[in-house]
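Residue-level structural notes
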Amino acid sequence: MAKISWVLASDIDGTLVGHGGEPDLVRFLRDRPQIGLVYLTGRTRPNAEVLLDSHGFPQPLALATDLGADVYWGPSLSLDEAWAFQQRRDWSPRQVVHALDAVDGVNYQSRCSYWRLAFYARDLTAVGEARAHLVQQGIVCRTLFDEDAQRLDVVPRSALKGRALKYILNQLHIRAQQCFVAGDAENDGDLLSGRYHGVVVANGSRSFKEKLPDTIMRSGYPGAQGVLDGLSRFVKQSDWVSREHAG
Ligand SMILES: [Mg+2]
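Residues numbered from 1 in each chain as written. Predicted model: local features only at pLDDT ≥ 70, side-chain atom pairs only at ≥ 80, totals over all residues.

Here the focus is helix 4 (residues 93-100). When helix 4 is considered as a whole, its buried residues turn out to be Val96, Ala99 and Leu100. One side of helix 4 holds all its buried residues, which, seen down the axis, span an arc of 90 degrees. Its buried side turned inward, helix 4 meets strand 6 (106-113), strand 7 (116-121), helix 5 (124-136) and strand 9 (151-155). (Buried ≥ 20, exposed ≤ 12 C-beta atoms within 10 Å, placed from the backbone. Helix = DSSP H or I, 4+ residues; strand = E, 2+ residues; numbered from the N terminus. Arc of directions from axis to C-beta. Contact = placed C-beta atoms within 7 Å.)

This is how it looks when you write it as structure tokens:
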């Protein structure tokens, strides 16, 4: 394995994939094995793998799925059992389903993965009641509401991409300054919170971009082109800084 100088830690949907320009980014990454990759996604592992493979993205150092609830280590993508065990401690899907059964306007739909329960939710009022009810019942979890789809997802409290990334970098002994993050939406909020340099791609919503700190570049390009735009600038700048220090 090449010596890793930097890590690109990126969301997949809407960031790496979905807005064209993927082949240019793939080529850039393949030409630079010194850039290690970490993919962080709300998808399950099989779903994520199919999508990444179809575009030819390189094997990652690690893949965090289900919003960071699971971590897989490359190149063989073996599950990090210790990490999964930590999430499992306060994850009680049956209790969640049972509790939300009592809330008007919220209906259980399916268990999308081990870590994600999907509910139909009529509106924001129903979501508010669901959240209050979960707290009242002492159930520890995180809820994500997609208003357009009227969909309420319930995931473990600790399923956060930023939390998973911190763990991954620690395990790999990679410093925060070597890491560059990329995202497009709310569920990347804790990745782009200012701990790392990074980029938000052009297709991200304006309200989301406004919340981000100044250390996060706002690329004028969407998706993979935006990632390439941000990452190439970051690499050029860090290269220059390290040469300055050396010379
Ligand atoms: Mg996304």
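Attention shifts here to the sheet that holds strand 9. Strand order in the open sheet formed by 4 strands is 6-7-9-8, with antiparallel pairing between adjacent strands. Each end of this open sheet is capped by a strand with a single partner; those strands are strand 6 and strand 8 (142-146). Ignoring which end each strand starts from, the neighbouring axes of this sheet average 25 degrees apart. In terms of strand pairing, strand 8 meets strand 9 through 5 bridges, oriented antiparallel. Note on strand 9: the bridge partner recorded for Phe145 is Leu152. (Pairing = 2+ DSSP bridges. Axes fitted to C-alpha atoms, helices over the stretch in contact; angles between N-to-C directions.)

Attention now goes to the domain arrangement of the protein. Segmentation of the protein into domains returns domain 1 (6-86 + 159-246) and domain 2 (98-155). Across the contact, 6 residues belong to domain 1 and 6 residues belong to domain 2. Looking at the side of domain 1 that touches domain 2 residue by residue, the class counts come to 3 nonpolar, 2 polar and 1 charged. (Domains from an automatic or database assignment. Nonpolar A, V, L, I, M, F, W, Y, C, P; charged D, E, K, R; others polar.)

Looking at helix 1 (residues 22-30), one finds that the buried residues are Glu22, Leu25 and Leu29. Down the axis of helix 1, the sector holding all buried residues measures 70 degrees, keeping them to one side. The outward face of helix 1, more than 90 degrees from its buried face, is lined by the exposed residues Pro23, Arg27 and Arg30.

In this section: the environment of Ser113. Relative to the helices and strands, Ser113 is located in strand 6. Taking C-alpha positions, Ser113 is 32 Å from Gln178, a pair spaced 65 residues apart along the chain. Once residues lying within four places of it in the same chain are set aside, the contact partners of Ser113 are Thr44 and Asp66.

This part takes up the pairing of strand 2 (residues 35-40). Burial runs high along strand 2: 6 of the 6 residues are buried. Across the two faces of strand 2 the burial is the same, with Ile35, Leu37 and Tyr39 and Gly36, Val38 and Leu40 all buried. As paired elements, strand 1 (residues 6-11) and strand 2 share 6 bridges and run parallel to each other. Across the sheet, the residue bridging to Val7 is Gly36, located in strand 2.

Right, let's get into the nonpolar core. Leu8, Ala9, Val38, Leu165 and Val227 are the most contacted members of the largest nonpolar core, which has 66 residues in total. Each of domain 1 (6-86 + 159-246) and domain 2 (98-155) gives at least three residues to this core. With residues up to four places along the chain from it excluded, the contact list for Ala9 reads Val38, Leu40, Leu165, Cys179, Val181 and Leu191. (Core = buried A, V, L, I, M, F, W, Y, C linked by C-beta atoms within 7 Å.)

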